[in-house]
Amino acid sequence: MSSTTPDQSPNALQQLIYAKDGKLTRDLLLNPGEYGLGKVPAKAKPNGTTTSVCGFCSTGCGLELHLQDGQAVNLSPAVDWPVNLGMACPKGWESLTILKSSDRATQPLLKGADGKLAPVDWDTAMRSFCDKFKAIQAQYGNDSVAFLSTGQIATEEMFFLGTLAKFGMGMLHGDGNTRQCMATAVVAYKEAFGFDAPPFTYQDFEESDVLVFVGSNLCIAHPIMWERVLRNPHNPQIIVIDPRRTETAVTATHHLPLAPKSDLTLLYTIANILIQKGWIDADYIARNTTGFEEFKASIKEYTLAKAAETCQLDADRIMAVVQAIHAGKRVSFWWTMGVNQSHQGVRTAQAIINLALMTGNIGRPGTGANSITGQCNAMGSRLFSNTTNLVGGHDFRSLEHREKIAGQLDIPVENIPTENSWSYDRIMEGIRAGEIRGLWVIATNPAHSWIHQKEAHETFDKLDFLVVQDMYHSTETAQRADLVLPAAGWGEKEGTFINSERRIGLHKKVVPAPGQALADFQIFRLAAHYWGCGSPFDQWKTPEDVFQAMKRCSSDQPCDITGIRDYRMLDDARGIQWPLAASESTGDDWMPPTQRRLFAEGKFFHADGKARFLFETPQPPGEQPHAEFPLRLLTGRGTAAQWHTQTKTSKSAVLRTLYSTTLLVDVNPEDAAKLGLEPHEEVTVESPRGSVTARVNIVASVLPGQVFLPMHNELTNRLTFPQFDTYSRQPSYKNGAVRIVKKK
Ligand code: SF4
């Protein structure tokens, strides 16, 4: 790469940032007419409508945006979108409202000598950013600054960030908040299939005759996917494996309320019984998999009686589930955070994959071992963020891969690190050890969301310089920043998201960003300019330029998207699922089928074309309830109207009416009676790491000995126990020991 000294002469800066009158102008940076309302879509009339993929969750619903004088004034669900078919959840409906919040970051803020954040112009902000980070690197080495990316911004933006930070600014360490939700699924798929490749399409919700949900409260966490289940015309059996009697479990044909963290034992037992009874697809196993005999031998001790005891389940109920899986012609297995956020999440996800493989339930309509993602662009992050794998699902440690990416981006191969980044937890550890001293946090709120909050806060306090780039200046992390960079949000910029079923959808700029806020894309352009990175970053003038670079980097990979011509094609198709290689795409008007799944031919991505059976002996979690802290803490999604740290959802008055703003702790009636608790009584919930005040919600949805807190509340992570999956390094949020103390 040609690294150049930045031209910071007044004229150059003026061209980049300032209009002739000396005032900041976003339009100069945004290149109006090149993209945004100026180009996409040409069909939209100033007082017409245009479509956009939703920016909240990984479902990836299509929204119809209603324009007045070229700006969106309202929205409704898109009827012709293959994902949501005219439906939207409350969050989607409120997508425009949350942009108007009074705590939007509208200008850069820099911490002064008095320790307070004060407004500065973009020039000062970017000079401070680069000067501080360069000074830290000069003193402590290039690897002493790092970044934390996100599943919330466009794929083009995370691609720009990851390549800029690592190939332009010399960083080695960068991870994303997807570590907190999807890292387990990534590793599970890579080891089992040879690539991080969720195989399904949403049509499978409607095609199955048996659906098995493990650690997934789909009804609340992914309400539109749940609507797709409800449209299933085959009167399907619905099996829910979850310690809680969730909204999804209530409607299930079979609910197995297993003891927390006994899921691996249960899944191995189900597999063992299927094998012992001969209820497996031996032909499929022989043709398309390896490791089955070893797996079979490993699980032969997992008997029904042992599972009933370990999982605290009735043996007949387990057997009924095994029989339902056996009887199903099209069985689909779905999992999400109950599996991923576990100390043995990877092996649990692979135990689910094993079941799909051994019963031949993969690659056909209504089947699959299917991981559902969380954030709107977790899938984009998994493939293109350049954090823990090289862009396009490549490997930093492979010279062949580094040479390919260097060639596609026209940079020297020496600019590409030869080793993987530290994972998120290791970056946090590095900060505590003084190895990382500068941190750039983009569109995520770790001061709220990271496990064991007290330790997280102490960690951030150790940094020499914390840069937070966010839509809102009020997040718990932005409050701790030395520099806040105000970012545009969904609807104020353009780019693509990849949803859970691998569908790449386009979102568009339909309203202006407030004040001096800039699209993350433009902030990265500024960072590249002020750092003096040169090519290729100065060639990327629009998100679509980056999309074309992403395409090149994906060539010949399982996620090849070289057949997607441009944004127009994505827009016209209402999203396109990867892969789509150039060789498949014929002619200017050609469109791919709307629903496509992987592995129809039984060919996987390992060199031998076969999927792997994987096994490991289950281990207990690192913290168990005991005499002092006798209750087990479970955490999870509260309601369909809440989203993660509520950075966005709390800004909507409508959404706020759909959940309790008081922190409620769910307690089983038996435990409430034992402790003498009254409904709505104020109590303290304490763990060895901290305490929170909550009100008691007495419900039978949690079993005796367990309590539940919603993850959205900023207090919940005061209590969580910091343990991580060995392979994915994903935090295990759903286990910790607590006690409830009555207020005097
Ligand atoms: Fe948006 Fe997800 Fe709701 Fe669909 S389900 S409208 S993608 S938040």
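Keep in mind that what you see is a predicted model, and the values were worked out from it rather than measured.

## Considerations on the packing of helix α5 (residues 155-168) against helix α24 (residues 543-554)
Contact pair α5 / α24: the axes reach a minimum separation of 9 Å and the direction vectors enclose 75°. In terms of orientation, α5 lies roughly perpendicular with respect to α24. Listed contacts from α24 to T155, E156, F159 and F160 of α5 are P543, V546, F547, A549, M550 and C553. Here the contact of α5 with α24 is composed, by residue class, of eight nonpolar, one polar and one charged.

## Details of the site of the ligand
Taken together, C54, F56, C57, T59, G60, C61, A88, C89, K91, G92 and I224 form the complete shell of residues around the ligand. For the shell around the ligand, the per-class residue count stands at seven nonpolar, three polar and one charged.

## Things to note about unusual backbone geometry
Put simply, S535 and P536 share a cis peptide bond, and its omega is 5°. By the secondary structure assignment, P536 is in the loop between α23 (520-531) and α24. Cis peptide bonds are those with omega within 30 degrees of zero, and the linkage from W578 to P579 qualifies with 0°. Despite not being glycine, D410 has its phi angle at roughly 60°, a positive value. Secondary-structure assignment places D410 in the loop between α19 (399-409) and α20 (424-432). In this structure, R574 is a non-glycine residue whose phi angle is positive, near 60°. Tracing the chain through its elements places R574 in the loop between α25 (567-573) and β19 (576-577). Taking the relative accessible area as the measure of exposure, R574 reaches 16% and is therefore buried.

## Brief notes about the UniProt feature "domain: 4Fe-4S Mo/W bis-MGD-type" (unreviewed entry) in the protein
What UniProt calls "domain: 4Fe-4S Mo/W bis-MGD-type" (unreviewed entry) maps, in this numbering, to residues 47-103. The span residues 47-103 is 7% helical and 33% strand by assignment, and the distance between its end C-alpha atoms comes to 29 Å.

## Quick look at helix α15 (residues 315-327)
Between its first and last C-alpha atoms α15 spans 18 Å; for 13 residues at 1.5 Å apiece the expected length is 18 Å, and the two agree. For α15, every residue scored as buried is listed here: I318, M319, V321, V322, A324 and I325. Where α15 is buried, its residues contact β8 (210-214), β9 (237-241), β10 (254-256), α11 (263-276), α14 (304-311) and β12 (331-335). Two or three places before D316, at the opening of α15, D314 has a side-chain oxygen 2.9 Å from that residue's backbone nitrogen.

## Some points on the pattern of salt bridges
In total, this model carries 32 salt bridges according to the counting rule given. Residue D80 is joined to R574 by a salt bridge in which the shortest nitrogen-to-oxygen separation is 3.1 Å. With D80 in the loop between β3 (71-77) and α3 (90-93) and R574 in the loop between α25 and β19, the pair connects residues that are 494 residues apart, well separated along the chain. By relative accessible area, D80 is classed as partly exposed at 44%. The partner of E584 in a salt bridge is R596, and the shortest N-O contact between them spans 3.8 Å. Of this pair, E584 sits in the loop between β19 and β20 (611-612) while R596 sits in the loop between β19 and β20; the two residues are twelve residues apart in sequence, bridging distant segments of the chain. Each of E157, K493 and D520 takes part in one network of salt bridges that share partners.

## Details of the sheet that holds strand β13 (residues 368-371)
Read across the open sheet, the five strands follow the order β10-β9-β8-β12-β13; overall the sheet is parallel. Either end of the sheet is taken by a strand with one partner, and the two such strands are β10 and β13. Along the sheet, successive strands turn relative to each other by an average axial angle of 15°, direction set aside. As paired strands, β9 and β10 are joined by three bridges and run parallel to one another. Bridge assignment links V240 to a residue of β10, and that residue is H255. The strands touched by helix α17 (residues 345-358) within the sheet are β8, β12 and β13, with β12 carrying the most contacts at an inclination of about 175°.

Rules behind the numbers
Residues numbered from 1 in each chain as written. Predicted model: local features only at pLDDT ≥ 70, side-chain atom pairs only at ≥ 80, totals over all residues. Heavy atoms only, no water. Axes fitted to C-alpha atoms, helices over the stretch in contact; angles between N-to-C directions. Helix = DSSP H or I, 4+ residues; strand = E, 2+ residues; numbered from the N terminus. Parallel < 35°, antiparallel > 145°, perpendicular 65-115°, else oblique. Contact = heavy atoms within 4.5 Å. Nonpolar A, V, L, I, M, F, W, Y, C, P; charged D, E, K, R; others polar. Near = heavy atom within 4 Å. Buried < 20%, exposed > 50% of the residue type's maximum accessible area, 1.4 Å probe, protein only. UniProt positions renumbered as here; feature names shortened; annotations may be inferred. Expected span 1.5 Å × (residues − 1). Polar contact = N/O pair within 3.5 Å; in protein donor to acceptor, adjacent residues only side chain to side chain. Salt bridge = Lys/Arg side-chain N within 4 Å of Asp/Glu carboxyl O. Pairing = 2+ DSSP bridges.

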